[in-house]
Amino acid sequence: MTKFRKLNRPTGHRMSMLRTMVSQLVKHERIETTVAKAKEVRRLADNMVQLGKDGSLSAARHAAAFVRGDDVIHKLFTELAYRYKNRAGGYTRLLRTRIRVGDAAPMAYIEFIDRENELRQSKPPAPQPPQRAPLDPWTKSKLCRQYAPPKEEKISDSNI
């Protein structure tokens with residue numbers, strides 16, 4: 001069973017709030033909320049994009065059972081699935097913004113990456129390290145062996 005934040009709410013209220021927030025994130029592609037809620041929404045939104053990329057009838061039914069609105073489901077399975085077809089994960093970005101005035105809660109923007117009007121541009125993909133030739137097991141074991149240097153005897157001046 002996976003761990004999740006309870007956000008000081010009963011289960012029904014929490015799930016309803018997260019479903020609404022994921023739906024609004026898909027619809028508007030950027031929302032502002034507290035950091036704790038944004039971290040939970042990020043998990044669920046990434047799962048919804050995965051379902052959109054799958055594109056099967058089963059995935060569509062799972063997504064329809066979670067998000068609210070036919071326009072949101074259509075956007076998940078067409079626009080977002082096409083945008084992230086070559087990306088393995090990490091479809092959302094969390095940007096901390098300010099401290100809320102009323103209760104000093106840390107606020108954050110959560111947004112989809114690779115879209116127009118981004119708050120921060122995506123980092124380029126990291127270059128792949130060059131491939132090394134595999135070593136045979138005997139050479140590898142000789143290279144891994146480490147020997148301690150020989151002990152040096154201490155010469156004490158009191159015995160002289």
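Up top is the structure.
Q: Help me out: how do you make sense of the pattern of salt bridges in this one?
A: Here the idea is simple: oppositely charged side chains can pair when their charged atoms come close. Counted under the stated rule, the structure contains ten salt bridges. Here Arg83 ties to Glu29 by a salt bridge, and the two come within 2.9 Å at their closest N and O atoms. Here Arg83 is found in helix α4 (residues 70-83), whereas its partner Glu29 is found in the loop between α1 (11-28) and β1 (30-34), with 54 residues between them in sequence. Exposure remark for Arg83: the relative accessible area of 23% places this residue in the partly exposed category. Here Arg30 makes a salt bridge to Glu111, at a shortest N to O gap of 3.2 Å. You can see Arg30 sitting in strand β1 and its partner Glu111 sitting in strand β3 (residues 106-112), a full 81 residues away along the chain. Within this structure, Glu29, Lys75, Glu79 and Arg83 form a network of salt bridges that share partners.

Q: What exactly am I supposed to notice about the nonpolar core here?
A: In this structure, Val67, Leu76 and Phe112 are the most contacted members of the largest nonpolar core, which totals 31 residues. At the level of elements, α1, α2 (35-54), α3 (57-66), α4 and β3 are the ones that each hand at least two residues to this core. The element contributing the most residues to this core is α2, with seven residues. If we skip the residues at most four places from it in the chain, Leu76 touches Val26, Met48, Val49, Gly52, Ala63, Val67 and Ala81.

Q: Is there a simple way to think about the pairing of β3 in this case?
A: A regular strand carries its side chains on alternate faces of the sheet. Among the seven residues in β3, five count as buried, and that is most of the element. Sheet analysis places β1 next to β3, joined by five bridges and oriented antiparallel. Bridging from a neighbouring strand, Thr34 pairs with Met107 of β3. In this sheet, β3 lies alongside strand β2 (residues 92-99) in antiparallel orientation, the contact comprising six bridges. Counted as the bridge partner of Ile99 is Pro106 from β3. As consecutive antiparallel partners, β2 and β3 are separated by six residues, and within that stretch Ala104 has a phi angle of approximately 60°, a positive value.

About the cut-offs
Residues numbered from 1 in each chain as written. Predicted model: local features only at pLDDT ≥ 70, side-chain atom pairs only at ≥ 80, totals over all residues. Heavy atoms only, no water. Salt bridge = Lys/Arg side-chain N within 4 Å of Asp/Glu carboxyl O. Helix = DSSP H or I, 4+ residues; strand = E, 2+ residues; numbered from the N terminus. Buried < 20%, exposed > 50% of the residue type's maximum accessible area, 1.4 Å probe, protein only. Core = buried A, V, L, I, M, F, W, Y, C linked by side-chain atoms within 4.5 Å. Contact = heavy atoms within 4.5 Å. Pairing = 2+ DSSP bridges.

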